[in-house]
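# What the coordinates show
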Amino acid sequence: MEQTKAVQTYFDTPERLTIEEIQKEILAFKQNSIINQMLEGFPELAVIVNQHRQIVAFNSRAFEAFRRDDYFSIIGKRVGEALNCIHSSANESGCGTSYFCRECGAARAIKQTIEKEIIADEECRISIEAEGHIVSHDFYVHTQPLLFEGIDYTIFSVRDI
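About the criteria used
Residues numbered from 1 in each chain as written. Predicted model: local features only at pLDDT ≥ 70, side-chain atom pairs only at ≥ 80, totals over all residues. Heavy atoms only, no water. Pairing = 2+ DSSP bridges. Helix = DSSP H or I, 4+ residues; strand = E, 2+ residues; numbered from the N terminus. Axes fitted to C-alpha atoms, helices over the stretch in contact; angles between N-to-C directions. Contact = heavy atoms within 4.5 Å.

The subject of this paragraph is the sheet that holds strand β2 (residues 55-58). Either a parallel or an antiparallel arrangement is found when strands of a sheet pair, and the pairing is made through backbone hydrogen bonds. Ordered in space as β2-β1-β5-β4-β3, the 5 strands form an open sheet in which the pairing is antiparallel. Two strands bound the open sheet, and with one partner strand each, they are β2 and β3 (120-130). Direction aside, the axes of adjacent strands within the sheet are offset by 35 degrees on average. Bridge count for strand β4 (residues 133-148) against strand β5 (residues 151-160) is 10 bridges, and the pairing is antiparallel. Along β5, the bridge assignment pairs Leu147 with Asp152. Across the sheet, helix α1 (residues 19-30) is in contact with β1 (46-49), β2, β4 and β5; its angle to β2 comes to roughly 20 degrees. Contacts from helix α2 (residues 33-40) reach β1, β2, β4 and β5, with the element oriented near 135 degrees to β1.

See the structure below:
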């Protein structure tokens, strides 16, 4: 895990896995056809995040929503960073750590699932920067614990409302 110098956080933890650690997790998910089929079964954006809220797997609808050309530019990012949330860079430690994240339904749902190992449902408005414009999206967020190869993860899915 990457060591984080004393960084102020207003909501969630700043720690992240190193690139090498993330790559191991990604490979485990990529090689599991059941997980990949399950993710593709979601009608909208769905991702799997690790205990540090970093994306380790996602479906094709998430890839489209992230508006990236490269699969690997998404892996290891947090959901707000991948979506280009305007608040994801407000704090040095990224998505989930800014003052604004305390009110974000997506951040709260992920935090509840990670800490309490429970299913969580929230609503959130995410404002993203896309092609020089700020666009707001209202989402219904659902998170659910997933135990995979003895490690706790969180399934994160959204429905545009």
